[in-house]
Amino acid sequence: MASPSQPAIELRGITHTFGGSFTALKEAGLEATAGSFVSVVGPSGCGKSTLLNIAAGLLSPSQGEVRVFGQRLEGINRRAAYMFQQDALLPWKTVRENVALGLVFRGKEMPVALREADGWLTRVGLDGFGNSFPYQLSGGMRKRAAMAQCWITAPDIVLMDEPFAALDVHTRMRMQQEVLELWGNAGQTVLFITHELEEAIALADVVAVLSAGPESRIIAEHRVDLERPRNLVDIRLDPRYQELYRKIWGDLREEVLKSFAGR
Amino acid sequence: MPGGNWIRVWQLAVGVAALGAWEGGVRAGLLDQFFFSRPSDIGARLGEWLRSGSIWAHLGTTLAEAALAFLIGVALGVAMGFALARMPRLAAVLDPYIRIANALPRVVLAPIFLLWFGLGIWSKVALGVTVVFFIVFFNTWQGVREVDPVLVNNARMLGASERQLTRHVLLPSALSWIFSSLHISIGFAMIAVVVGEYLGASRGVGYLIAQAEGVFDTTGVFAGMAVLAAVVLAVGAGVNRLELWLLRWKPRVPDSTYQ
């Protein structure tokens, strides 16, 4: 593990242009200290996913650089796991095979990987569903499986791209609580993308605000000093939460209005 | 489905009515027996072939040719489909040639293959391969290109190498496309090898039909056709079962009456 003050991931002066004409990000900079939970909020279409894909190494930025624990990132970010907004479980593999995938890709024997996957299924509450195929699970259960699939590889960094956007409000809250528990136990650095400010504040240590696109950049960072462990069911009633909400919404509001005007 | 039996009964009724009308038409003198034969004669001929066992050598030859054509065509088609889907530049260069090759009516190749590969099974296999290859190739190509990019990115983030990506993501994803092409290509493989036999062979069901035609034996022609239809249906049913097993991860769509 890295020293506590070292950034786990640093995005420096990231500019990204698609197809030579559309500049999604311009001079965006962000850093996440090791073990912290950072949310990035921004209006839709502001390049949040682009930023995350660059942090993952799935995209290489037109300009700027990504540093992972001080090392310049080339290619796929091997120290990170990525949880996608869409379903990313392989539909032709059973749930336990899916969860074991990261270990199998790293060269573990199948039986060993599957045994480890079973342990993770228990942890995320999917006991007894290991031999089901993804289509047989509910949306919430598929997200649990996706969480296990990410965390089983013991990543140092977890990148999450609006992972619960498709879920209903109550399921989403349960998932958020489970993410906090997984994170609290393992202490990874989390970069969490969302367009919902409630979710961003409730989960994070730091909320970064991305400006409306095109040419988005990080315009503000707010420290969320609500104590942990947090109870997400009641956190919205906490006066300090509401105060933070008003403050950050002040920044975000402008950008959301701009994004309305832009289309 | 409450109508299941009802449908079976009607299916049977349609078959009986069609054969009955045929038989009756010939017996009543409305259809000329010389040109149309009779279901009863055809049935008797099939029985004769089965009893004497003379059909097996021919059927075996045709099946062996079709199976070889099918296997070689599928292997080449899948390999090439994969290669071109993974190498878009190569695909762009080869594109016009693939179109030209596919635009050729395959039947005209039969005499050429006969010259190249002789009267034995390989001229038929070659003809079958040219037919099967393109069907499988295009479907595989399409299948690999249509892979959900999220699945690919997820696998890459989980640490998949190119080979693991192909094995765990691309191939299974293309499989449903490949299977939809297998159903068609089995039928086409049979057609191609029978056409090949028809044009020049010393064995096979196509040869049998050609022989029967040569002496205006319509009963023999129809009996040969019946054998071919039965074999294609049986093989198709086999592929269906294999498909059900290999694609068991797919949500079942409600059964259609055609399955």
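Quick caveat, the model's predicted, so the values are computed rather than measured. Per chain, the residues get numbers from 1 upward, laid out in the order the sequence is written. As they are written, the chains are lettered A onward and the ligands numbered 1 onward, keeping that order. Per-residue local features are limited, in this predicted model, to residues with pLDDT of at least 70; the limit for side-chain atom pairs, both in listing and counting, is 80 or more; totals at the level of whole chains, interfaces and linings are taken over all residues. Remark: hydrogens and water are excluded; side-chain values derive from all non-hydrogen atoms of the structure.

1. Section: the confidence of the model for chain A
So, point 1. With 97% of its residues at a pLDDT of 70 or more, chain A shows a mean pLDDT of 90.
So, point 2. The secondary structure element of chain A with the lowest average pLDDT is helix H5 (residues 169-186) of chain A, at 89, and the one with the highest is helix H2 (residues 95-105) of chain A, at 96. On a range of 0 to 100, pLDDT expresses the predictor's confidence in each residue. Per the convention used, a helix needs a DSSP run of H or I reaching at least four residues, while a strand needs a run of E reaching at least two, with both numbered from the N terminus.

2. Points about the pattern of salt bridges
Residues and elements named next belong to chain A.
So, point 1. The salt bridge definition used is simple: a Lys or Arg side-chain nitrogen within 4 Å of an Asp or Glu carboxyl oxygen. In total, this model carries 22 salt bridges over all chains according to the counting rule given.
So, point 2. A salt bridge links Arg228 to Asp205, with the nearest nitrogen and oxygen atoms 2.8 Å apart. Residue Arg228 is found in the loop between strand E10 (218-223) and helix H7 (239-261), and its partner Asp205 is found in the loop between helix H6 (197-203) and strand E9 (206-210); the two are separated by 23 residues along the sequence.
So, point 3. What makes Asp205 buried here is its relative accessible area of 15%. For the exposure calls, accessible area comes from a 1.4 Å probe over protein chains only, and a residue counts as buried if that area is under 20% of its type's maximum, exposed if over 50%, partly exposed in between.

3. Here we look at the nonpolar core
So, point 1. Of all hydrophobic cores here, the largest spans 55 residues; its most connected members are Phe37, Trp151, Met160, Phe164, Ile201 and Val207 of chain A.
So, point 2. Counting residues per element, this core draws most heavily on helix H4 (residues 139-151) of chain A, at seven residues.
So, point 3. Throughout, a contact is declared for two residues whenever any of their heavy atoms are within 4.5 Å. Apart from residues no more than four positions distant in its own chain, Ile201 of chain A is found in contact with Val207, Val224, Leu226, Arg230, Tyr241, Leu244, Tyr245 and Ile248 of chain A.
So, point 4. Side-chain atoms within 4.5 Å link the members of a nonpolar core, which is a set of buried Ala, Val, Leu, Ile, Met, Phe, Trp, Tyr and Cys residues. Core analysis: the second largest hydrophobic core is formed by 39 residues, Phe70, Ile98, Ala155 and Leu247 of chain B among them.

4. A look at H7 of chain A
Because an α-helix packs 3.6 residues into every turn, residues spaced three or four apart end up facing the same way.
All names here are of chain A.
So, point 1. Take the number of residues in a helix, subtract one, and multiply by 1.5 Å to get its expected span. For H7, which comprises 23 residues, the first-to-last C-alpha distance of 32 Å matches the rise-based estimate of 33 Å (1.5 Å per residue) to within 8%.
So, point 2. Three or more residues of H7 are buried, namely Tyr241, Leu244, Ile248, Leu252, Glu255, Val256 and Ser259.
So, point 3. Looking at the buried positions of H7, the neighbouring elements they touch are strand E3 (37-41), H6, E9 and E10.
So, point 4. Capping the start of H7, Asp238 holds a side-chain oxygen 2.8 Å from the backbone nitrogen of Arg240, two or three residues further along. We define a polar contact as two N or O atoms separated by no more than 3.5 Å, with the added condition that, inside protein, one atom must be a possible hydrogen donor and the other a possible acceptor, whereas residues neighbouring each other in sequence contribute only through side-chain atom pairs.

5. What to know about the packing of helix H3 (residues 39-52) of chain B against helix H11 (residues 218-246) of chain B
Residue and element names in this part refer to chain B.
So, point 1. H11 packs onto H3 with a crossing angle of 70° between their chain directions and a minimal axis gap of 9 Å. One way to sum up the angle between H3 and H11 is to call them roughly perpendicular. Once H3 is placed against H11, the crossing between them reads as right-handed. Along the contact surface, H3 presents Asp41, Ile42, Arg45, Leu46 and Trp49, while H11 presents Thr219, Gly220, Phe222, Ala223, Gly224, Ala226 and Val227.
So, point 2. Residues are sorted three ways: Asp, Glu, Lys and Arg are charged, Ala, Val, Leu, Ile, Met, Phe, Trp, Tyr, Cys and Pro are nonpolar, and all the rest, Gly among them, are polar. Tallied by class, the residues present in the contact of H3 with H11 amount to seven nonpolar, three polar and two charged. Only C-alpha atoms enter the line fits that serve as axes; for helices the fit covers just the stretch in contact. Angles between N-to-C directions range over 0 to 180 degrees. By definition in this entry, angles of less than 35 degrees are roughly parallel, angles greater than 145 are roughly antiparallel, angles of 65 to 115 are roughly perpendicular, and the rest are oblique. Two helices crossing with the near one rotated counterclockwise from the far one by less than a right angle form a left-handed crossing, whereas a clockwise rotation gives a right-handed crossing.

6. Some thoughts on the environment of Val195 of chain B
Residue and element names in this part refer to chain B.
So, point 1. The topology assignment puts Val195 in helix H9 (residues 162-199).
So, point 2. Judged by relative accessible area, Val195 falls into the partly exposed class, the value being 25%.
So, point 3. Spatially, the C-alpha atom of Val195 lies 9.9 Å from that of Val205, the residues being 10 residues apart in sequence.
So, point 4. If we skip the residues at most four places from it in the chain, Val195 touches Val107 and Leu127.

7. Examining the pairing of strand E2 (residues 22-33) of chain A
Residue and element names in this part refer to chain A.
So, point 1. Strand pairing is assigned whenever DSSP detects at least two bridges linking the two strands. Bridging between strand E1 (residues 7-18) and E2 involves eight bridges; their strand directions are antiparallel. Each residue of the ladder has a partner; that of Leu11, found in E2, is Leu30.
So, point 2. Turn length for the E1-E2 hairpin, with the two strands adjacent in sequence and antiparallel, is three residues, and the turn residue Gly19 shows positive phi of about 60°.

8. Structural notes on the interface of chain A and chain B
So, point 1. If you look at the interface, chain A gives 25 residues, while chain B gives 19 residues.
So, point 2. Each partner contributes to the roughly 2200 Å² buried at the junction of chain A and chain B, and carbon and sulfur atoms together form 68% of this total.
So, point 3. Counting the surface chain A buries against chain B, the share from its top three residues, Trp92, Phe105 and Tyr135 of chain A, is 35%.
So, point 4. Here chain A and chain B share zero salt bridges between them.
So, point 5. At the boundary of chain A and chain B, one finds six residue pairs in polar contact (both at pLDDT 80 or more).
So, point 6. Every element with two or more residues in the side of chain A that touches chain B is listed here: strand E6 (80-83) and H2 of chain A.
So, point 7. The element that contributes the greatest number of residues to the side of chain A that touches chain B is H2 of chain A, accounting for four residues.
So, point 8. Along the lines of polarity and charge, the residues of the side of chain A that touches chain B split into 16 nonpolar, five polar and four charged. Summed over both partners, buried area is the accessible surface (1.4 Å probe) that two parts give up on being assembled.

9. Side note on the sheet that holds E1 of chain A
Residues and elements named next belong to chain A.
So, point 1. The strand order across the open sheet formed by four strands is E2-E1-E4-E5, and the pairing between neighbours is antiparallel. The open sheet has two edge strands with one neighbour each: E2 and strand E5 (71-72).
So, point 2. As paired elements, E1 and strand E4 (residues 63-68) share five bridges and run antiparallel to each other. Its bridge partner being in E4, Glu10 is matched across the sheet by Arg67.
So, point 3. Contacting E1, E2 and E4, helix H1 (residues 48-56) crosses the sheet at an angle of about 120° to E1.

10. Let's talk about H2 of chain A
So, point 1. With nine of its 11 residues buried, H2 of chain A lies for the most part within the structure.
So, point 2. Looking at the buried side of H2 of chain A, the elements it contacts are helix H3 (110-123) and H4 of chain A together with helix H8 (149-157) and H9 of chain B.
So, point 3. Looking one or two residues past H2 of chain A, Gly107 of chain A carries a phi angle of roughly 95°, positive in sign.

11. Structural notes on the sheet that holds E6 of chain A
Residue and element names in this part refer to chain A.
So, point 1. An order of E6-E7-E8-E3-E9-E10 is seen for the six strands of this open sheet, with the pairing classed as mixed. A single partner strand is all that each edge strand has here, and the edge strands are E6 and E10. For this sheet the average axis-to-axis angle between neighbouring strands, irrespective of direction, equals 15°.
So, point 2. Where E3 and E9 come together, four bridges link them in parallel fashion.

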